[in-house]
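Chains, contacts and geometry: an overview
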Number of protein chains: 2
Amino acid sequence: MTEAATVRRSRITPEREAELYTAVLDLLREVGYDALTMDAVAARTKSSKATLYRQWGGKAELVARAMGHQKRGHADVDTGSLRGDFYAMVTHSDDCQMEQNSALMRGLAMAIHGNPDLLRAFRELIIEPELAEMRRVLQRAVDRGEIRPDNPAMDYVVHMMIGGFAARTMIDELPPTQAYLTSYIDAVVLPALGA
Amino acid sequence: MTEAATVRRSRITPEREAELYTAVLDLLREVGYDALTMDAVAARTKSSKATLYRQWGGKAELVARAMGHQKRGHADVDTGSLRGDFYAMVTHSDDCQMEQNSALMRGLAMAIHGNPDLLRAFRELIIEPELAEMRRVLQRAVDRGEIRPDNPAMDYVVHMMIGGFAARTMIDELPPTQAYLTSYIDAVVLPALGA
């Protein structure tokens, strides 16, 4: 997040901000990224387009921030074990929300292809915070003595998790449910980490 | 592969078939799936469009078969160990080919979204053969006593591998080289399998 964006965004209340993000995600589900216009967001949220541009700079940042805000609903809490922390990461949304989000993410992955603004906003507001959270979770496990700090699988935890999500839809043609993700964590992620 | 398709395709020589597939992949790299036309394939390969449709049924099957043919270049050989078999799977293309293929696959993954014909052809001609090869590789490892037949990670090997490929581009913004993939196999896939 840039300093400028922080300052600009502080002018609206957190409640109003959350309301706006909900409307953006609703619209995104209804029409997809490409067909989403700032006019439609302004109409749905009864804001002026000038306000939207002043607060968020553009469609890409607004969408990435709306996605990021939704994920930030859960705090990164120390559950006391690596397994508990991983489980918390994949069970903070229920299966229905997870399926909606997974459809949204697929649609956005398409839009990112060939849209450098959206890619940049996504890296900054979605991917980097996820990577930072994963680093904290792993560091706690190292501190607890659950995993060795030099385990080479540490660099690949996000890769494994992305495979779990992406292949579930692509190969198994099933949604990534909580039951599936926790079984994937037990079968793949924890054994690879030697935990 | 359907019986009908086998019969139809048997009318052209393997050399001519390989030549056609090479031309299709070249065109695909040049213009992408959506802009690829049967007219362009016919012109490039000096075939009639009627012949192309008779032999392949349509663009989706022709493209999937061209991709599948290229992968089938390597035989599924028993190297004597699970690690050797996995290495063979990811080193049969050199890094330059791998980067080209990975760009092609990304483009096709976009096109598959919302194209049921292409999805069906892909499942039948690319994904199913890959899954079958993986099952043979794992069965050999079980027979050798390298992995336990009830290891729950067995069901997720393709998921792990897809994660390795997809996240390398998405998260690390690097191409999936042979060196990277073999290190991922050693750090993630083999330890998860307990091998």
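Definitions and limits used
Residues numbered from 1 in each chain as written. Chains lettered and ligands numbered in written order. Predicted model: local features only at pLDDT ≥ 70, side-chain atom pairs only at ≥ 80, totals over all residues. Heavy atoms only, no water. Domains from an automatic or database assignment. Contact = heavy atoms within 4.5 Å. Buried area = accessible area lost by both parts, 1.4 Å probe. Salt bridge = Lys/Arg side-chain N within 4 Å of Asp/Glu carboxyl O. Least-squares fit on C-alpha atoms with pLDDT ≥ 70 in both. Polar contact = N/O pair within 3.5 Å; in protein donor to acceptor, adjacent residues only side chain to side chain. Helix = DSSP H or I, 4+ residues; strand = E, 2+ residues; numbered from the N terminus. Nonpolar A, V, L, I, M, F, W, Y, C, P; charged D, E, K, R; others polar.

1. A closer look at the domain arrangement of chain A
All names here are of chain A. If you check the domain split of chain A, you get domain 1 (1–59) and domain 2 (75–195). Using C-alpha coordinates to define each centre, domain 1 is positioned 27 Å away from domain 2. Between domain 1 and domain 2, the residue contacts involve 7 residues of the former and 8 residues of the latter. Of the roughly 610 Å² buried where domain 1 meets domain 2, counting both sides, 67% is carbon and sulfur surface. If you look at where domain 1 meets domain 2, you find 0 salt bridges.

2. Some details on the relation of the copies chain B and chain A
Expressed as a screw operation, the relation of chain B to chain A combines 0.0 Å of axial shift with a rotation of 180°, fitting to an RMSD of 0.0 Å. Viewed as a symmetry operation, the transformation between the two copies matches a two-fold axis. It is B:Gly163 whose C-alpha, among those of chain B, lies nearest the rotation axis, at 1.6 Å. The fraction of interface residues of chain B whose copies in chain A are also interface residues reaches 100%, indicating that both copies meet through the same surface.

3. Description of the interface of chain B and chain A
When the parts of a complex come together, some accessible area is lost, and that lost area is often taken as the interface size. Of the residues lining the interface, 30 residues belong to chain B; the matching set on chain A comes to 30 residues. In terms of surface lost to chain A, no three residues of chain B exceed B:Tyr156, B:His159 and B:Ile171, which account for 24% of the buried area on that side. Counting across the chain B and chain A interface gives 2 salt bridges. A salt bridge links B:Glu173 to A:Arg123; its shortest N-O distance comes to 3.1 Å. Linking chain B with chain A are 10 residue pairs in polar contact (both at pLDDT 80 or more), by the criterion used here. Only helix H7 (95–112), helix H8 (116–144), helix H9 (157–170) and helix H10 (178–193) of chain B provide two or more residues apiece to the side of chain B that touches chain A. In terms of residues, the side of chain B that touches chain A owes the most to one element, H9(B), which gives 10 residues. The residue makeup of the side of chain B that touches chain A, split by class, is 20 nonpolar, 5 polar and 5 charged.

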